[in-house]
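Given next are the chains, with one letter for each unit.
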Amino acid sequence: MEASEICSVKVALHIRPLIADERQQGCIECVSVTPSKPQVQIGSHAFTFDYVYGNGGSPSVDMFEECVAPLVEGLFQGYNATVLAYGQTGSGKTYTMGTGYNDNCRSGLIPQVMNAFFNKIETLKHQTEFQLRVSFVEILKEEVRDLLDMVSMGKPETSNSNGHSGKVTVPGKSPIQIRETSNGVITLSGITEVPVSTLHDMSSYLEQGSLSRATGSTNMNNQSSRSHAIFTITLQQMRKLHSGSPINDSSDEDMGEEYLSAKLHLVDLAGSERAKRTGSDGVRLKEGIHINKGLLALGNVISALGDEKKRKEGVHVPYRDSKLTRLLQDSLGGNSKTVMIACISPADINAEETLNTLKYANRARNIQNKPVVNQDFISNEMQQLRQQLKYLQAELCFQGGVPADEVRVLKERIAWLESTNEDLYRELHEYRSRCAFVGRCEIDEPDGHIYLMKTDGLERRFQSLDSSDHSLVGSLSGEDSRETDEAAKELEHVLFQNTMDKEMNELNKHLEQKESEMKLIAVDTETLKQHFGKKILELEEEKRKVQEERDRLFHEVENLAANSDGLAHKTQDVRGQKLKALEAQVQLQHKMKQEAEQFRQWKASREKELLQLKKEGRKNEYERHKLEALNQRQKMVLQRKTEEATMATKRLKELLEARKSSPRDNSELLSRSMGTVNGDVGERENGDTHGSHGEGDRGESRSGGGAIDFDRRNDTMISSGMDEKNLLNRTFMWTIR
Ligand SMILES: Nc1ncnc2c1ncn2[C@@H]1O[C@H](COP(=O)(O)OP(=O)(O)OP(=O)(O)O)[C@@H](O)[C@H]1O
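Residues numbered from 1 in each chain as written. Predicted model: local features only at pLDDT ≥ 70, side-chain atom pairs only at ≥ 80, totals over all residues. Heavy atoms only, no water.

The name an unreviewed UniProt entry gives the protein is Kinesin-like protein, with Glycine soja as the organism. Taken directly from UniProt, the Subunit (unreviewed entry) text for the protein runs: "Homodimer." You can read under Sequence similarities (unreviewed entry) in the UniProt record for the protein the words "Belongs to the TRAFAC class myosin-kinesin ATPase superfamily. Kinesin family. KIN-4 subfamily." (UniProt positions renumbered as here; feature names shortened; annotations may be inferred.)

Structure below.
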């Protein structure tokens, strides 16, 4: 596999038109598309996607070219891909994908994908071998079912009243298992994967699977898919590789094969639904619950993958929560290029579900996948080796292509070396011949044999003078023996001469060696002599300098000794003065410290006093306020009483005037009025201080005493003929009191 590149899940929104049912219900469109932008608005919400089709967006027919064709193209390059249709029930997923078996779905994406596949294969078939396989499964109530396995699926039953197409599952057949291979690829064990070679084959398998798929009628869709369906096309290709080597003339050189394998999952999810609106019960209700469960799990996976923060934190992605998410593991956050097609209805009655779909799809846009080219490992390895080979060949070619001049020079050099070699060999041979002419003998001591090597011209003869051969020597003729004697003497002489020559040579060598050593030593001694002479001169110079320095220091010491007496006195005086100054300073500091301490104490006592004064001031202030309040209250009481007295005086005056006019009745009236006035005043007074009393209680309950006295005294005064003025004054005084 090649290194992965990160690519986000692309989301396309497909808005279907209002369907007949919705029109009958008088629905209006609640989704609007922003002109020339892939953006939609629903209420106050706005969502932006990669593409928007239908209802004012791009025309739906462009969807395949823009969203899916690049995935098909990628498949031929070895990339896995997924197209996923999501949306509420009746929003047009099956219609969009083309997984239905009615004519409406013929224009869906899957039929277009199949066309594109076979067109591409047609153009590439000369250079690539293709193998196509398809599988079709559905996940119904958390169970994976093989829609192409006719044995286990059985023939579709006739639709019941609800329009449901039921299937019979053959007992004994092991259920399909979801497995994960060691390299993390999700596979389905026991699934039917049929090879296809023509468009017709593939279409018929799609149709066959679609017919087997569980569908049923609900209030919201009379042919509602009750399962999640996954149609998978596996494309395997074997490509012939060609080298385009610029060095080689044959640019089409065969470089072996490359094997690629990729899968395209085309997923038509079951629609999210609400039991209330679909009006489903019984089996349909159970299906709905499972559908929503699967979609919820998918939503959780999308949330985990779509949230950048969670992704960075490495939050667990709950792929294993449902079969659907497990099967789509590679498509969401894995090795796949993925396009999600969110299908929505524009009808206002579906506004809530539509909004949910938009939110769901919007989150999916944040999912990041890592698609890789799915290359066969061995083919990859082989390709690398081939590249290496190509490189080496190129290198070799380069080396072989050395300029002819250089080769000629090298060849000439070799020829020259060879001829020189021959010359030397010849020379050597000549020298050897000359040496042999002189003759040479060697004694092989361990054997005790004497070998005679006598060379006469080019001929060499070896004679072994062995004791065992003495008989042979002895058996020679007299002339021969004389010659032999002479030869022996000659040999002896030659041997002796040889030995002497050897010794001479040895001695000469030794002498030469000694002479060269002597020369070396002589050279060394001279250098050493010069070196040490220099050193001695340097040391003498240094010694002289040190002596001079010593003398100078002696002089200085003597001078210092002479001046030291006067200096000592001066120093002592200065020290004494300094000491005094320091003492004075210390005393001053001590004094300052004491004063500071005194000041601190004084300040503390003043602060304390101040605090006390403030406290007293506050107390006085409080008293003053209290007195003022009392004064105010007294003033108010005085004012009120003055008013009352004025009133009483006024009434009294009136009474007195009335009495003047009829003296008899008036005394009675006066006593009654006085009682009233008294009662009023008393009542008011008591109301202020003790609380109110009824008029009838007068006399018994008053504790003020003065009022009672006044009543009695009043009667007495009246009866005793006290004058009016006096009476008025008394009344006033009483009131004041
Ligand atoms: N783009 C469209 N144009 C016209 N009619 C459409 C379009 N999309 C869907 N329809 C109609 O809407 C109805 C419901 O569509 P479809 O069955 O595809 O919905 P669904 O999302 O697959 O529903 P379910 O989840 O229940 O299976 C069908 O009658 C279909 O013909």
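Brief notes about the overall build of the protein
The helix and strand tally for the protein stands at 18 helices and 21 strands. Counting only residues that meet the buried cut, the protein has 32% of its 737 residues in that class. Residue pairs at least 24 apart in sequence account for 70% of intrachain contacts in the protein once pairs closer than 6 positions are excluded. Accessible area of the protein: about 48,000 Å², with a carbon and sulfur share of 54%. (Helix = DSSP H or I, 4+ residues; strand = E, 2+ residues; numbered from the N terminus. Buried < 20%, exposed > 50% of the residue type's maximum accessible area, 1.4 Å probe, protein only. Contact = heavy atoms within 4.5 Å. Areas by Shrake-Rupley, 256 points an atom, 1.4 Å probe, with all protein chains shown as cover.)

What to know about the nonpolar core
Membership of the largest hydrophobic core comes to 47 residues, with the highest contact counts inside it found for Leu13, Val40, Leu298 and Met340. Ranked by the residues each element gives to this core, the list is headed by helix 8 (residues 283-306), at seven residues. Sequence-distant contacts of Met340, that is, excluding residues within four places in its chain, are made with Val9, Lys10, Val11, Ala12, Leu84, Tyr86, Ile302, Tyr360, Ala361 and Ala364. Counting residues in hydrophobic clusters, the runner-up holds 44 residues, among them Met63, Leu147, Val194 and Ala262. (Core = buried A, V, L, I, M, F, W, Y, C linked by side-chain atoms within 4.5 Å.)

Some thoughts on the packing of helix 2 (residues 63-76) against helix 4 (residues 109-124)
Relative orientation of the contacting elements helix 2 and helix 4 amounts to 45°, with a least axis distance of 10 Å. The pairing of helix 2 with helix 4 is recorded here as oblique in orientation. Seen from above, helix 2 lies across helix 4 with right-handed handedness. Residue-level contacts link Met63, Phe64, Val68, Val72, Glu73, Leu75 and Phe76 of helix 2 to Leu109, Gln112, Val113, Ala116, Phe117, Lys120, Ile121 and Leu124 of helix 4. (Axes fitted to C-alpha atoms, helices over the stretch in contact; angles between N-to-C directions. Parallel < 35°, antiparallel > 145°, perpendicular 65-115°, else oblique. Left-handed = near helix turned anticlockwise from the far one by under 90°.)

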